[in-house]
Amino acid sequence: MTPGETAAHDWLTSRHHEAMARLELLVNALVDENARQNLVSRPSLEAVWQRHILDSAQLLHVSRETVPSGSWLDLGSGAGFPGLVIAALQPERPVALVDSRRLRTEWLVRAAAHMGLANVEVILSRVEDLPDRRWSVISARAFAPLDRLLDVAARFSTPETLWLLPKGARAQHELNELGADWNRVFHVEQSLTDPSAGIIVGHLIGRTDKTPSRKRGSRR
Ligand SMILES: C[S@@+](CC[C@H](N)C(=O)[O-])C[C@H]1O[C@@H](n2cnc3c(N)ncnc32)[C@H](O)[C@@H]1O
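Rules used in this analysis
- Residues numbered from 1 in each chain as written.
- Predicted model: local features only at pLDDT ≥ 70, side-chain atom pairs only at ≥ 80, totals over all residues.
- Heavy atoms only, no water.
- UniProt positions renumbered as here; feature names shortened; annotations may be inferred.
- 1 Å grid on protein atoms, 1.4 Å probe; cavity = no way out; pocket = protein on both sides within 12 Å on 5 of 7 lines; lining within 4 Å.
- Helix = DSSP H or I, 4+ residues; strand = E, 2+ residues; numbered from the N terminus.
- Buried < 20%, exposed > 50% of the residue type's maximum accessible area, 1.4 Å probe, protein only.
- Near = heavy atom within 4 Å.
- Polar contact = N/O pair within 3.5 Å; in protein donor to acceptor, adjacent residues only side chain to side chain.
- Areas by Shrake-Rupley, 256 points an atom, 1.4 Å probe, with all protein chains shown as cover.
- Sits in = over half its atoms within 2 Å of the grid points.
- Nonpolar A, V, L, I, M, F, W, Y, C, P; charged D, E, K, R; others polar.
- Phe/Tyr/Trp six-rings, centres within 6.5 Å; stacked < 30°, edge-to-face > 60°.
- Axes fitted to C-alpha atoms, helices over the stretch in contact; angles between N-to-C directions.
- Parallel < 35°, antiparallel > 145°, perpendicular 65-115°, else oblique.
- Left-handed = near helix turned anticlockwise from the far one by under 90°.
- Contact = heavy atoms within 4.5 Å.
- Pairing = 2+ DSSP bridges.
- Right-handed = clockwise from strand over helix to strand, strands pointing away.

A.B. asks: I keep staring at the UniProt feature "binding site: S-adenosyl-L-methionine" (unreviewed entry) in the protein and nothing clicks. Help me out?
C.D. replies: Per the UniProt record, "binding site: S-adenosyl-L-methionine" (unreviewed entry) is found at Gly-76, Phe-81, Val-127, Glu-128 and Arg-141. None of the other annotated residues line the largest pocket; only Gly-76, Phe-81, Val-127, Glu-128 and Arg-141 do. By secondary structure assignment, the location of Phe-81 is in the loop between strand S1 (72-75) and helix H5 (83-89). Residue Phe-81 is classed as buried on the basis of its relative accessible area of 4%.

Structural data, given as structure tokens:
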């Protein structure tokens, strides 16, 4: 392991010792599966503990807010980040992983079983087609720009729902560009795994009017 990988592994071990065996199973299975389907980029596998496992796990720690217990919805889970890692860290918490690609969801079902997780629900669906239901936490990494994400997922949220959105280098920009028609209390936290990346954290109160939020450039 590189120094960065060792540090990521140590960080996780110190806080989530009981979950490390499950995470090791995930990493090994991911390396195998990535030879069959392109779940994550090959270079990122060289730093899998930092780029994917810790990058996901940090969502439980990065916020000034306490992450509420209760159901967690991860949109566009892909290889399982962050949702599958959260499920491994908190095996009592119900976690739903949604992806529109069958190969991805088949992998997610296999991976969850391999890790011995009984708290994971894998849903093969476009987010747009999911039934209405409210969740305690909503996450989405590399899924959609913030305005589109809110358009398709606001209906899963109450004002108490905590949104955790790893956004890379454009986090603050996306938040600044979000139209005034969304009544929200969001801020950006710095990622632990990448100093240039941000995580949008906070709550969505609702729409302020019926205008679609696609209009850009209207800053709060
Ligand atoms: C760039 S990948 C990110 C995967 C994962 N969250 C990560 O960060 O590694 C985006 C994922 O969203 C899924 N996706 C794209 N549009 C979707 C939609 N409308 N509904 C559900 N899943 C979608 C894709 O199949 C893909 O697996």
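A.B. asks: What is the right way to look at the site of the ligand in this model?
C.D. replies: With respect to spatial proximity, 15 residues lie near the ligand, and among them Gly-76, Phe-81, Asp-99, Arg-101 and Arg-141 are the closest. A distance of 2.7 Å is found between a nitrogen atom of the ligand and a backbone nitrogen or oxygen belonging to Phe-81. A distance of 3.2 Å is found between a nitrogen atom of the ligand and a backbone nitrogen or oxygen belonging to Ser-100. Within the complex, the protein chains bury 78% of what would otherwise be the 600 Å² of accessible surface of the ligand. Of the pockets mapped on this structure, the ligand occupies the largest pocket. The residue inventory of the shell around the ligand, partitioned by class, reads 4 nonpolar, 5 polar and 6 charged.

A.B. asks: Would you mind showing me how to read the packing of aromatic side chains here?
C.D. replies: This structure, assessed with the given rule, holds 1 aromatic pair. A ring pair is formed by Trp-163 and Phe-186, whose centres lie 6.5 Å apart and whose planes are at 75°; its orientation type is edge-to-face. You can see Trp-163 sitting in strand S5 (residues 162-168) and its partner Phe-186 sitting in strand S6 (residues 182-190), a full 23 residues away along the chain. The pair formed by Trp-163 and Phe-186 is uniform in burial state, with each residue classed as buried.

A.B. asks: Honestly, the packing of helix H2 (residues 20-34) against helix H4 (residues 48-57) in this entry has me stumped. Any pointers?
C.D. replies: A pair of packed helices is captured by two measures, namely the crossing angle of their axes and the spacing between those axes. Packing of H2 against H4 brings their axes to within 12 Å, and their N-to-C directions diverge by 125°. With respect to H4, the axis of H2 lies oblique. H2 and H4 meet at a crossing whose hand is right-handed. Contacts between H2 and H4 involve Met-20, Leu-23, Glu-24, Leu-26, Val-27 and Leu-30 on the former and, on the latter, Val-48, Trp-49 and Ile-53. Broken down by class, the residue content of the contact of H2 with H4 amounts to 8 nonpolar, no polar and 1 charged.

A.B. asks: Explanation requested: the pairing of strand S7 (residues 198-207) in the structure shown.
C.D. replies: Put simply, side chains in a regular strand alternate between the two faces of the sheet. Most of S7 is tucked away: 7 of the 10 residues are buried. Where S5 and S7 come together, 5 bridges link them in antiparallel fashion. Along S7, the bridge assignment pairs Leu-165 with Ile-200. With 9 bridges connecting them, S6 and S7 associate as antiparallel partners. By the bridge assignment for S7, Asn-183 is matched with Gly-206.

A.B. asks: Teacher, can you tell me more about the pairing of strand S3 (residues 120-124) here?
C.D. replies: Sheet analysis places strand S2 (residues 95-99) next to S3, joined by 5 bridges and oriented parallel. Bridge pairing links Val-95 to Val-120 in S3. The handedness of the S2 to S3 crossover, carried by helix H6 (residues 102-114), is right-handed.

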